[in-house]
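Here's the letter readout for the chains.
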Amino acid sequence: MTSSHKPQQKKINITIPEESFICIEPIIDGHQALTIINTSLKQFEYKEAFAWNLAIFMDFEDAEENGMPKGDGMERIQLFCEKLEKQFNEALGKPNALFVFRETYNGLTHITWRIHDSDIAEEVLVQTIESQNYPFDFEYRLEYDKDWEIVEWYLQDFQASFCFILSKFNLY
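First, a word on scope: everything that follows refers to the structure included in this document. (Residues numbered from 1 in each chain as written. Predicted model: local features only at pLDDT ≥ 70, side-chain atom pairs only at ≥ 80, totals over all residues. Heavy atoms only, no water.)

**Some details on the overall build of the chain**
Of the regular secondary structure elements, the chain holds two helices and nine strands. The secondary structure elements of the chain, listed N-terminal to C-terminal, are β-β-β-β-β-α-β-β-α-β-β. Across the 172 residues in the chain, those meeting the buried criterion constitute 45%. For the chain, long-range pairs separated by at least 24 residues make up 72% of all intrachain contacts whose partners lie at least 6 apart in sequence. (Helix = DSSP H or I, 4+ residues; strand = E, 2+ residues; numbered from the N terminus. Buried < 20%, exposed > 50% of the residue type's maximum accessible area, 1.4 Å probe, protein only. Contact = heavy atoms within 4.5 Å.)

Here you go:
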């Protein structure tokens, strides 16, 4: 085999589960948090196909006493997340990002996706930063995590008293 030949990649058909959400309210660093989790990923079989963990951390200075953003801040975060996810997926022409969770507390929102093609996700984020078109300052971390250890806690089975089921994502 010459160096110009690459091993053939195995092609598989992956069915992405329909998103289903719960909301939990854990205490983080002494602060009440509001966490939306995509529970449909608990039993997802093709974790190795989405081996990259993308975490975005947004700081908002104008927070309510309970640590949540003031005014339309939550809506602005929601729209920004939807825009990013759409760009991650459109660039590849098939699912490239699976939403895992969004957690807000103490003036901070943490959003995490599982990513198939990390180069595309990074390109979208760099373009977003360069355009300066985002609702709040943010930073991101893109890490290889084929076993999904980073999000393991969020994909556990929570006690019914610890969460409530959301029928629509934007109820938060």
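**Focus: the pattern of salt bridges**
Counting across every chain of the model gives six salt bridges. Here D62 and K70 are joined by a salt bridge, their closest N and O atoms 3.6 Å apart. (Salt bridge = Lys/Arg side-chain N within 4 Å of Asp/Glu carboxyl O.)

**A look at the pairing of strand 7 (residues 108–115)**
Of all eight residues that make up strand 7, eight are buried, and the element is covered over most of its length. What you see with strand 7 is no split at all: L108, H110, T112 and R114 on one side and T109, I111, W113 and I115 on the other are buried throughout. Pairing geometry for strand 5 (residues 52–59) and strand 7, over eight bridges, is antiparallel. Note on strand 7: the bridge partner recorded for M58 is T109. For strand 6 (residues 97–105) and strand 7, the ladder comprises eight bridges, and the chain directions are antiparallel. (Pairing = 2+ DSSP bridges.)

**Brief notes about the side chain of T109**
With respect to the helices and strands, T109 occurs in strand 7. When its relative accessible area of 0% is taken as the criterion, T109 is described as buried. At 2.9 Å, the side chain of T109 and the side chain of T104 are in polar contact. Leaving out residues up to four positions away in the same chain, T109 has contacts with I56, F57, M58, F60, I77, R102, E103 and T104. (Polar contact = N/O pair within 3.5 Å; in protein donor to acceptor, adjacent residues only side chain to side chain.)

**With respect to a negative patch on the surface**
A contiguous patch of negative charge, built from D59, E61, D137 and E139, is present on the exposed surface. With respect to the helices and strands, D137 occurs in the loop between helix 2 (118–131) and strand 8 (138–144). The exposure class of D137 is exposed, given its relative accessible area of 56%. (Patch = residues over 30% accessible without salt bridge, like charges linked within 9 Å, V, L, I, M, F, W, Y side chains within 5 Å. Areas by Shrake-Rupley, 256 points an atom, 1.4 Å probe, with all protein chains shown as cover. Lys, Arg positive; Asp, Glu negative; His and termini not counted. Charge placed at Lys NZ, Arg CZ, Asp CG, Glu CD.)

Keep in mind these values describe shape, not function.
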